[in-house]
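Spelled out, the chains give:
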Amino acid sequence: MSSPTEDPFQTQPQAPAAPSRTAVLDREEQVEEKAEPGDHERFAHYVKKEKIMESALSGDPVIALCGKVWVPGRDPKRFPVCPTCKEIYESLSGKGGDDKD
């Protein structure tokens, strides 16, 4: 018989399990945008505000100062300004950098 100090519900001792290891990998979150035709240059272009409003309502494409034709649909603040549009705009508004004293 068993001694009174032994627990009758105790299971037989098992060998200790091997320690498990987990690692956490850090990675940067990457946001991917859908590529559309013409997105290879990814610039914000200069267009008259009225034309942008008309395009938003009608879905018709607009023409930028540089000649690019597209239907606006992205936030232009997220892209650099088109250098050609900027150059044309500055020459039209008289803000060109050529007249330095």
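Up top is the structure.
The present account deals with the structure reproduced in this document. None of these values were measured; they are calculated from a predicted model.

Aromatic rings in a pair are described by how distant their centres are and how their planes are angled relative to each other. Under the criterion given, the structure shown has 1 aromatic pair. Between the aromatic rings of Y46 and Y89, the centroid separation amounts to 5.1 Å while the plane-to-plane angle is 80°, which identifies the pairing as edge-to-face. Of this pair, Y46 sits in the segment before α1 (49-58) while Y89 sits in helix α2 (residues 83-93), and the two are 43 residues apart along the sequence.

Before going further, it helps to spend a moment on α1. Of all 10 residues making up α1, only 1 are buried, and the element is barely covered by its neighbours. Of the residues one or two after α1, G59 is the one with positive phi, at around 85°.

A few words now on the nonpolar core. Counting residues in hydrophobic clusters, the biggest one holds 5 residues: V47, V62, A64, C82 and C85. Excluding its chain neighbours within four sequence positions, the residues that come into contact with V62 are V47, K51, I52, S55, K68, V69, W70 and P72.

On to the side chain of S55. Topologically, S55 is positioned in helix α1. Assessed through its relative accessible area of 4%, S55 is described here as buried. At a separation of 2.6 Å, a polar atom in the side chain of S55 contacts the main-chain carbonyl oxygen of D60. If we skip the residues at most four places from it in the chain, S55 touches D60, V62, V71 and P72.

Reading the values: rules and limits
Residues numbered from 1 in each chain as written. Predicted model: local features only at pLDDT ≥ 70, side-chain atom pairs only at ≥ 80, totals over all residues. Heavy atoms only, no water. Phe/Tyr/Trp six-rings, centres within 6.5 Å; stacked < 30°, edge-to-face > 60°. Helix = DSSP H or I, 4+ residues; strand = E, 2+ residues; numbered from the N terminus. Buried < 20%, exposed > 50% of the residue type's maximum accessible area, 1.4 Å probe, protein only. Core = buried A, V, L, I, M, F, W, Y, C linked by side-chain atoms within 4.5 Å. Contact = heavy atoms within 4.5 Å. Polar contact = N/O pair within 3.5 Å; in protein donor to acceptor, adjacent residues only side chain to side chain.

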